[in-house]
Structures are given as C-alpha cells and as structure tokens.
Amino acid sequence: MALAEDQRIENPLLEGLQLSRRPEPCAMVIFGASGDLTKRKLFPALYSLAYRQLLPEKFGIVGVARTEESDDEFRERMKAAVQEFGRDDFRDDVWEWLADGMHYVAGTAEDGDDVFVHIDETLTDFDRDRGTSGNRVHYLAVPPPAFETIVKGIGKHRSKQGWTRLIVEKPFGHDLQSAQELNTLLHKHFDENEIFRIDHYLGKETVQNMLALRFANGIFEPIWNRQFVDHIQITVAETIGIEGRADYYEHAGAIRDIFQNHLLQLIALTAMEPPIDFAADSVRNEKVKVLKSMHTPGPKHVVRGQYGLGYIEGQEVPGYREEQGVDPSSMTETFIAAKLFIDNWRWADTPIYIRAGKRLARRETTIAIQFKGAPHPPFEEAAAEGLRPNVLLIHIQPDEGVSLAIGAKVPGQGLQIRTVHMDFLYGGAFRTDLPEAYERLLIDCMRGDASLFTREDEVIEQWQLVDAIVAFWRRDRPSFPNYAAGTWGPPSSDELLRRDGRSWRRH
Amino acid sequence: MATALDTVSAIERKLAALRLADEGSRLRTNVMTHIAWVPEEWVEAAEDVLAGLAERHPSRTIVLFPQSAGAGLEGKVESESFPMSEGLTICTDTIRIRLHGTSAEHPASVVEPLLVPDLPVFLRWRGVPPFGESAFDELIGVADRLIVDSTEWPGLPKPYARMAEIFDRLAVSDIAWARTSRWRPMLASLWPAIAKVERIKVTGTEAQAQLLAGWLRSRLDRSIGLEHEPSNKLVGVELDGEPAPFPPGDPPIPADLLSDELDKLSRDPVYEAAVIAAV
C-alpha cells in the first residue's frame, strides 16, 4: 500500500498522512556475494531494512560470485550471516520474505559475457514475476581489478526500461591517474547521477549530526571561523591492526585507507559553508569548495609512522612488519598526522591537525573544535591554572555525542577555576538504536538520493592532495617502526603541534 | 527510596539531592517534561502506560493525582535508571503528587517550578478534560501539547466542540485519532472511487467512528453520513455498504501510541479539521 508522493496533489485524503517512504520496486545485484562485506554488512543491512519494512515492496536480490553454489546454499549462507552480524532479532517471516527473492549466479571474468547473460535473464524473470519494473541497483563489492569487466558487462546488458544505478566501494583508485581512469571507465557506461561512490562514514548518524549541529543551532555558526576558533583536531584512531588484509594495506597505507576518504570527508563537513538546501548537489558543491581550498602541506607538516611490537589491552601484539603477509622491510605507513590549512575567508591561518592510524591507544573518531581563550581573564594566574580552552568535542564513535569543555568555579574560598564537561550522549536522549551506515546508504541509493555519496570531483580533489603528499614521501626513507602498538603514534606527531605551542588534546 | 514531601520546595530539594547522588556513570538527559493528570478512576490504567515510557523518552514525568478532599499536597520523587551501552545508565525522575483543595484547583503553581527549563511540556489528560475549569485552563497554559484519548469520553461528539475551542492555544494529540492511523492510508488508497462516498459505517469505538467520518467530511469537503457499530477496537469500515479492505499490520499497543504522540511537536491541521467536522 505504498502511496506515491505525487498522488497527494489530486487526492485530498493523503494530506497529513505519513506516506510510506519505501523506494520504487527494484532488483539489487551484488557482485562479490561471497565476500566479507556482503556477509558482515550488506545482508545484515538488507535484513534490518526488511525488518522495518523499508525495502521496496517488490524487490529481489541476485548474488554474483566465483564460488559455485545453489540458490538455497546462498540463502543459507546469508541467513547465517544475518544471524551472526545482524542488529535485530532474527524473525523467520522477515527472512523468508527476503530469501524468497534471492537468487545466486556463479561466474568469473573468464566466463565472458555468459555470466552477464545469466544475470540479465534472472533480472528479467524478476521483472516478470516480482514486478521490479526494470529498475536495478548494481553493487560492486569486489576488488578494483574486477571493476572493468563488471562495469562493461552491466553497461552492455543494462535494462532498457526503468533506472540503473551503480554502487562503487572504495578505493576509488589508488592515485589521481587511476581515479581518473576509473571515472572514465564508469562514465563510458553510466552518467554521473547513476554512480553512487560509497564511503560508509557518511552514512553514520553522528557524521550527519555534524550537519545538524552546525546548521540547526544558531549559536555555533557565528563563532565557527578563524576569529573564534584557535584550531581543529580530528582523530581517527583504531586499536586493531590490519586484520589479515596485508595485500590491500601494503598498497594502501593509512593515507589511502583513511586519510583520502574518511578524514577528508570529516574535514569537508566541519569546514564547509552552509549549503542552500540539503539536496545532493548543494551539499556536495560546498564540500568540494573546501577540498579545492586546501593548501598542500609541506613535508614538515606531515608525519608518518608504522607500529612496532607493543601492547593492546594488556596483550602483546606484533609489529606491522611481523603481520602475516607483510613485507618484513615494508615502508607502508600505518599512521599519518598532518597540519592542514584551508585557504578561504572563513578558515585562513587556522590549522587543522589530523591524525589517523592503526594500533593506537584507543579506538575513537572525534572532531575537536578548540576555541581561542578569553581575551582578558580577570583572574589571578594561579586561579586559572586548571583552566583549559573551550573545546567543542564531537564524538563520531564510540560514545556518539557532543561535549563542551567550559571553565567553572571550584566551590570554596577564593576563585579557583577548573575545566568541566557538559555532555550530550546520543543514546541518552534518543532511546533508539542507531541504524547501521549501510542501511541508510542502501535505501538512499534505491531512492536516488546521492547526498551521502562521493561525487567525481570530490574524489579528484582528494587524490590531488594525496598525490602531492606521497610525492615528497618518495624522497625520504623514515626509520620504521617508529611507534609502539598501543601508543598515540610517533614522537614526531607530538612535535608537529609542540612547534606551534599546542598539543594533542587529552583523552 | 520514595519519601512523602508536602511542599514544592521539598520536592525540589529532593530532586537536587537525587542529582547530587548520581554516580559518574549515570547520565541525566531530558527531552521534555511530561505531565499526566490522573483522576482517581484512571490511576491503574495510567501507571500501566507510564511504565517503560520514561526509558523511551528520557524526561521528567510529573504525575498529578487530584483529590476531592483534604488540603495541600503530598509528593514523592523517584529516580529510575535504565542501562545503556558502554556501562552507562540513563537516569530519569518521576514525581508523583497528590493534589488536595486549592492545589488541585490551581495546579500550575505546583507544576511550574518543577518543569525542565527550555524543553517542551506534554500534558496527558485522562478522561474528559473539564473545559473552562481553572485546573485545566492553567495546565494547558504551561503545556505545549495536550494529549487526550477521546475513546475515554462519554457523549461524543459533543465534547469535540469544546476541544476545538482550544486548538489555537496549544497543539492537541488524540490517541483515538492515532488508532485510526492504519486505516486512513488504506482508505486514501481507494481514491478516486472514495470521492463519491455518501455514507461510512465504522465498527469500532465511538471516537474512532466520529473521527473517521469527520476526516472524510473535512477532506472531501461535503457531508457524509455515519453509521456506528460499537466495538472496543476498530475492526471494520464500510463505504456505501461495501466493506473496505483491512489494513496490513497489527494495531499498536497503548504505550506505543502515547510514545509516538510524544515525538510530535507541531499542530496537526488534518486532525483539527476532522474534529471540527465530527461535531
């Protein structure tokens, strides 16, 4: 009983009704159906959407992978994945609804066009039997080398009716040239508005809350600039190592794994101008302006590190070079810190310090806006020694929320000032589970809303910055490893701020 | 541990003491103040619905029990904790106050000092509100939204006329209206055939019948006859003698209905028009 928005115009009974926001009928093809992403993220997300009746009423899924298996084996494997990784109770009726529309196609690049003919036949059956109307979402949950064959195959067999959308998982290239080549390949077969480059960070509720915090609260925007902000610190810290992904990580390193996408997206959301509305291109236009304004940092403003043996939660963990599959003399960085500048009217001369890495002291993603001190605190120096600058701290994960550090009087004689925190914890105010990022992003793609996906020009700007940093990295050879697992990175990271009379914020 | 308190100041001191007693891992976050006006005959039903509500909507809840005899007030303050992830607990306050004599006639002076500043105030009124009386007038003066359940009202549709008079003073939610929410999209899906309907028969509560008829009249902007067959829940609708399809899904439980209304902040012009057309 989905009622389309455009019916409202002529049907007065629709006024005031909360209309179903279920997307139009469609079929979803997942390339890489035997992979970890499909098992851990995509199917649990699809199940949660089905659980909440958010998927299209007419829907079907085709899983495509190399492994030979039957439809039933595919269903059983995905059922086990949903039971293991899903966030909702497992309900047989929900699963059966989803499983009823699941099919599996085994195939590889060596099968040539046959596999795409088989997929096309399955999708045509869906259109006839399940009413999916020729609408398609193709999800590339495969490594980049497989992109070309698949994109060409989809392009050749794309539906003559309905819409076709393509979701591409990162990495979007490994440098500027490869990113441009990937874009050229995609654009041979798809228009830009049909391409959905997914960075799951943008699907996180707390990342989106950044937009609410900035643009729904009149108190922040007037002080969100170089006049009032001393500097910004963004931390994306993980305690885990490379978790068996040596092949990928040896080529990517921290700069391609985190900096190029997640970190630059967080900077763009933090620093962007208010968009005129929340339409996809309005938001992305403002983000691109930030990326275009970013000053390429000099060699002294970028620090890289690699973890050695150390301790995480009291347990000894190996150094990066001792990880399985890693070159024992690897020069891949597992940590990056940088001092960045945005050359525009709002942020000129305001440093943005970023750091990201693996095997750090704790898992956290935070954005800290540190404000300038009071111009003339009328207290004795000793009275205010416990006072630190005001910091607005946005916790992306874990403990999603916002806190503000303010100075307060210590009770008692005299006037002693201490810093205290006012905390807003997301889960404390809104007693509902936060949806997984993939749930939001999958449903947005089905609705054709690209706001939370990365546009071509964003990717290009990101790689231009990364390529400039990597170019000067090629000219020196740091002594790796240079930080112990379980610490906050190499000493040079602290030095980066100490030179400016600042320090990384306390944890 | 709840203790009897006989002044608003004592209640405020107790609230402050509870807050100071919080350990570091207990988090106090409020999104609203929830006032419930519960005459004696509604006490049991009200407590059932309130159970679990604070967990879903972290709030300060003030439950007012008007009494016909005596003087002054008797308050009890309780703090409830609900586990959150990451080892934290969320903590909310429930204040129960028996109002006697003048405090039952002028409850705003009791309630106002206890409101959480700057947050919306929801007033849940059990039974028919005494439109025009001081207690009701005062409390809708401090509330942003009134929540009633006209299923609890005898003599419908007459009381709707009195309620329509307060629409300009605050936003109103009616749980009886919320109970028709599964049926309205289904009836809307019958467009355009439903545009010509002359008569609606509703098997459900009186309130549901009146509100569905009022909704059709106001949306289609013409008179439509109503036939009501009593039932304690909405089980069927006929349009000009033809049964309408049954909507999918299960009817929501009372706590969910109230919980949903506590998420709404603005006026509902479609509901207001339905109430006016029901009279």
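Trainee: Please give an account of the overall build of chain B that cites residues and values.
Mentor: Within chain B, the secondary structure is distributed over 12 helices and 12 strands. Relative to the globule expectation of 19 Å for 279 residues, the C-alpha radius of gyration of chain B, 21 Å, shows essentially globular dimensions. If you line up chain B on its principal axes, its C-alpha atoms span 65 × 45 × 30 Å. Counting only residues that meet the buried cut, chain B has 52% of its 279 residues in that class.

Trainee: Which residues make up the overall build of chain A, and what are the values?
Mentor: Helices and strands together make up the secondary structure of chain A, namely 13 helices and 19 strands. The C-alpha atoms of chain A give 25 Å as radius of gyration, which agrees with the globular expectation for 507 residues (23 Å, within 12%). Seen through its principal axes, chain A has C-alpha atoms that stretch 80 × 65 × 45 Å. The 507 residues of chain A split such that 52% are buried. A sequence separation of at least 24 residues applies to 77% of the contacts in chain A between residues at least 6 apart. Accessible surface, chain A as shown: approximately 22,900 Å² in total, 49% of it carbon and sulfur. Of the charged side chains in chain A, 60 are positive and 78 negative; the average position of the first set lies 5 Å away from that of the second.

Trainee: Let's hear about the confidence of the model for chain A: which residues, and what values?
Mentor: Per-residue confidence for chain A averages 90 on the pLDDT scale, and 94% of its residues sit at or above 70. Segment residues 1-5 of chain A is flagged for pLDDT under 50; beyond a separation of four residues in sequence, or across chains, it makes 15 contacts in the model.

Trainee: If you had to explain the environment of B:V270 to someone new, which residues and values would you point to?
Mentor: Positionally, B:V270 belongs in helix α12 (residues 269-278). Judged by relative accessible area, B:V270 falls into the buried class, the value being 5%. Taking C-alpha positions, B:V270 is 14 Å from B:Q210, a pair spaced 60 residues apart along the chain. Apart from the residues within four sequence positions on either side, B:V270 is in contact with A:E15, A:G16, B:W177, B:W215 and B:R219.

Trainee: Residue-level account of the sheet that holds strand β4 (residues 136-140) of chain A, with values.
Mentor: For sheets, the rule is that strands pair by backbone hydrogen bonds, running either parallel or antiparallel. Residues and elements named next belong to chain A. Pairing in this open sheet of six strands is parallel, and the strands run β3-β2-β1-β4-β5-β6 from one edge to the other. Edge positions in the sheet fall to β3 (102-106) and β6 (195-198), since each of these pairs with one other strand and no more. Neighbour-to-neighbour, the strand axes of this sheet turn through a mean angle of 20°, independent of strand direction. As defined by bridge partners, strand β2 (residues 59-65) adjoins β3 across five bridges and the pair is classed as parallel. Across the sheet, I61 pairs through a bridge with M102, a residue of β3. Docked against the sheet, helix α5 (residues 147-156) engages β1 (26-31), β4 and β5 (164-169), running at close to 170° with respect to β4.

Trainee: Give a description of helix α9 (residues 280-293) of chain A that names residues and reports values.
Mentor: All names here are of chain A. Over its 14 residues, α9 extends 20 Å from the first C-alpha to the last, a length consistent with the 20 Å expected when each residue adds 1.5 Å. In terms of burial, α9 is largely enclosed, as 10 of its 14 residues are buried. Among the residues of α9, those classed as buried are A280, S282, V283, R284, E286, K287, V288, V290, L291 and S293.

Trainee: Any chance you could break down the nonpolar core for me, citing the residues and the numbers?
Mentor: Of all hydrophobic cores here, the largest spans 139 residues; its most connected members are A:F31, A:F43, A:L46, A:Y139, A:L140, A:F259 and A:I267. Sort the elements by how many residues they give to this core and helix α8 (residues 246-271) of chain A lands first, with 12 residues. Residues in contact with A:L46, not counting those within four places in the same chain, are A:M28, A:I30, A:L55, A:F59, A:I61, A:L98, A:L442 and A:M446. Judged by nonpolar contacts, the second largest core, of 72 residues, contains B:I95, B:L187, B:L212 and B:L234.

Trainee: Now, about the domain arrangement of chain B: what can you tell me, with residues and values included?
Mentor: All names here are of chain B. As far as domains go, chain B holds domain 1 (8-143) and domain 2 (178-278). Look at where the C-alpha atoms of domain 1 and domain 2 centre, and you get two points 32 Å apart. Each partner contributes to the roughly 830 Å² buried at the junction of domain 1 and domain 2, and carbon and sulfur atoms together form 71% of this total. The interface formed by domain 1 and domain 2 contains zero salt bridges.

The rules behind these values
- Residues numbered from 1 in each chain as written.
- Chains lettered and ligands numbered in written order.
- Predicted model: local features only at pLDDT ≥ 70, side-chain atom pairs only at ≥ 80, totals over all residues.
- Heavy atoms only, no water.
- Helix = DSSP H or I, 4+ residues; strand = E, 2+ residues; numbered from the N terminus.
- Rg over C-alpha atoms; globule rule 2.2 N^0.38 Å.
- Buried < 20%, exposed > 50% of the residue type's maximum accessible area, 1.4 Å probe, protein only.
- Contact = heavy atoms within 4.5 Å.
- Areas by Shrake-Rupley, 256 points an atom, 1.4 Å probe, with all protein chains shown as cover.
- Lys, Arg positive; Asp, Glu negative; His and termini not counted.
- Charge placed at Lys NZ, Arg CZ, Asp CG, Glu CD.
- pLDDT = per-residue confidence, 0-100.
- Pairing = 2+ DSSP bridges.
- Axes fitted to C-alpha atoms, helices over the stretch in contact; angles between N-to-C directions.
- Expected span 1.5 Å × (residues − 1).
- Core = buried A, V, L, I, M, F, W, Y, C linked by side-chain atoms within 4.5 Å.
- Domains from an automatic or database assignment.
- Buried area = accessible area lost by both parts, 1.4 Å probe.
- Salt bridge = Lys/Arg side-chain N within 4 Å of Asp/Glu carboxyl O.

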